[in-house]
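Inside the fold
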Amino acid sequence: MLKFPVNFLWGSAASAPQTEGHSLGNGKSATTWDKWFELNPEKFHANEGPENTSNVYEEYINDIKRMKEIGLNSYRTSISWARLLPDGKKINQEAVMFYRDYFQTMLDEGIHPIVNLFHFDMPWWLMEKGGWETRESVEAFHFYAKTAFELFGDLVSDWVTFNEPLVHIECGYLYGYHYPAIIDLKKAIQVGFHTLMAHVYAVQAFRDTQNDGRIGIILNVTPTYAKSDKRQDQEAKRKADLLIIKSFLDPCVLGTIPVELSELLLENDLTPDILSDDKKAISRNLVDFIGINYYQPMRVQAPREIRHPAIFPTDFYESYDWPDKRINPYRGWEIYPEAMYDVAIMMKDDYGNIPWYVSENGMGVADEERFMDESGMIIDNYRIEFMKEHLEYLHRGIEEGSNCFGYHTWTFVDCWSWLNGYKNRYGFYRVDLKNNYQRTVKKSGLWFKELSKNNGF
Ligand code: BG6
């Protein structure tokens, strides 16, 4: 039996914009998702927009009971910035009542809440001013963070500033998946830097506001593996690590921006606008913990053609198809649980063994109803196997001294996922879109209950 550390967090993660519903009601103002859906509904899988998420705004009390039923002892969600502060300044009291009751109910049921401030949901009023491209976003986020700590700090002890900041940077400014769907590497770097500073000043607000508790950031640390030992492939891996891993991990944990990253940006005319106090602020506002979302690794090789200065990440590194890779046939992503161990050891050796947890790991499956039995239960043995394999490698890392305090799956109830809508299902509970978002537990939910009860498997 593999046993995990005492008080290990067993839970799931989700976000406000993907679960709450009532996206244009109850005092909430629009986000980029609401506007983008209004402008281009055809971009969204099956025309499902942010209004059609799983109605947690009304269902949270029952959902928290369901969490307990399958053994979750912790849960991460986010606050919607546009719900709490519809115009960025004035507090929406209905939102305060909702979030206070949401977090209090979790506590009453013995579920430890971890609360995130930003999960890709930029308020529209700020986007109209340039969103993360403008420095104003840093001040606006500082005010939002401070307000949230003051309003909910008595209930929430573990806070997170951002979920996967690389995603809103890459998807919004390089790959066209998120609004404003611009393709501009220089802007992407500036957006990244403002996001980093928003994080840093939110940490500062936390230290000024809350005396106890912890604050962290959640990063999609996609481990990179080079195609070969050849100098060019290793160089591509080094650059990918700088841009994908160290760009946020180093400043957030160590308080420094890697010199090599600054040089790389300078050589390519990509240095962002930095204010005189920024580096000092970075060095003074370190996180207490890190969350790591891990789904699949990245295989990199040297770019076939190098443009200088670079205008796209493929000028630094290219992905390549590893011939030995195992694929999740229902989502197309690589399955490589070994990376869980590599991440655990990296956190121990390179980041001072800071406390960290797996903040998302899971298996997306399209058309999951094909695995439903006569009783209506989804028999998702593939998901159980996927989690077991990842936990085995995680356990090995913990045994070697990595300071991991929990494992959260994506996700608890199947949820809406941006342009993919409800295409890929990840939940422990199936959600029935034709039947008022009714929830039915899957086999993996019952398995997770045993896992959590035994603190291992
Ligand atoms: C995670 C994000 O990286 O991936 C979630 O934090 C997202 O917001 C999840 O829903 C699954 O993505 P997809 O594209 O498979 O639905």
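Residues numbered from 1 in each chain as written. Predicted model: local features only at pLDDT ≥ 70, side-chain atom pairs only at ≥ 80, totals over all residues.

**Comments concerning the nonpolar core**
The test is simple: Remark: nonpolar core denotes a set of buried Ala, Val, Leu, Ile, Met, Phe, Trp, Tyr and Cys residues whose joining runs through C-beta atoms within 7 Å. Backbone-placed C-beta atoms define the burial measure: a residue is buried with 20 or more other C-beta atoms within 10 Å of its own, exposed with 12 or fewer, and partly exposed in between. Throughout, a pair of residues is in contact if the C-beta atoms placed from their backbones lie within 7 Å.
One finds Ala202, Ile217, Ile290 and Val343 to be the most contacted residues of the largest nonpolar core, which totals 124 residues. Excluding residues that lie within four positions of it along the chain, Ala202 makes contacts with Leu117, Phe141, His142, Ala145 and Thr161.

**Quick notes on the site of the ligand**
This is how the line gets drawn: A residue counts as near a molecule or strand when its C-beta atom, positioned from the backbone, falls within 6 Å of it. Ten residues, namely Ala, Val, Leu, Ile, Met, Phe, Trp, Tyr, Cys and Pro, are considered nonpolar, four, namely Asp, Glu, Lys and Arg, are considered charged, and the remaining ones, Gly among them, are considered polar.
Near the ligand, the surroundings consist of Ser15, Gln18, Asn163, Glu164, Asn220, Asn293, Glu360, Gly364, Trp410, Ser417, Asn420 and Asn424. Partitioning the shell around the ligand into residue classes produces one nonpolar, nine polar and two charged.

**Description of the packing of helix 7 (residues 136-152) against helix 9 (residues 185-209)**
Applied cut-off: Orientation is described by axes fitted as lines to C-alpha atoms, over the contacting stretch for helices, and by angles from 0 to 180 degrees between their N-to-C directions. Secondary structure elements are defined from DSSP: runs of H or I of at least 4 residues count as helices, runs of E of at least 2 residues count as strands, and each element is numbered from the N terminus. Small angles under 35 degrees read as roughly parallel and large ones over 145 as roughly antiparallel, with 65 to 115 read as roughly perpendicular and the rest as oblique. Each crossing is labelled by how the near helix is turned from the far one, with a counterclockwise turn of less than a right angle marking it left-handed and a clockwise turn marking it right-handed.
At their nearest, the axes of helix 7 and helix 9 sit 8 Å apart, and the two run at 30° to each other. As the angle between them shows, helix 7 and helix 9 are arranged roughly parallel. The handedness of the crossing between helix 7 and helix 9 comes out as right-handed. Residues Ser137, Val138, Phe141, His142, Ala145, Lys146, Phe149 and Glu150 of helix 7 pack against His194, Met197, Ala198, Tyr201, Ala202, Ala205, Phe206 and Thr209 of helix 9. Among the residues forming the contact of helix 7 with helix 9, the class breakdown is 10 nonpolar, four polar and two charged.

**What to know about the environment of Met197**
Residue placement: Met197 occurs in helix 9. Distance from Met197 to Leu242, taken between C-alpha atoms, is 18 Å for residues 45 residues apart in sequence. Beyond its immediate chain neighbours, meaning those up to four positions away, Met197 contacts Val138 and Asp278.

Worth remembering: the numbers are spatial, not functional.
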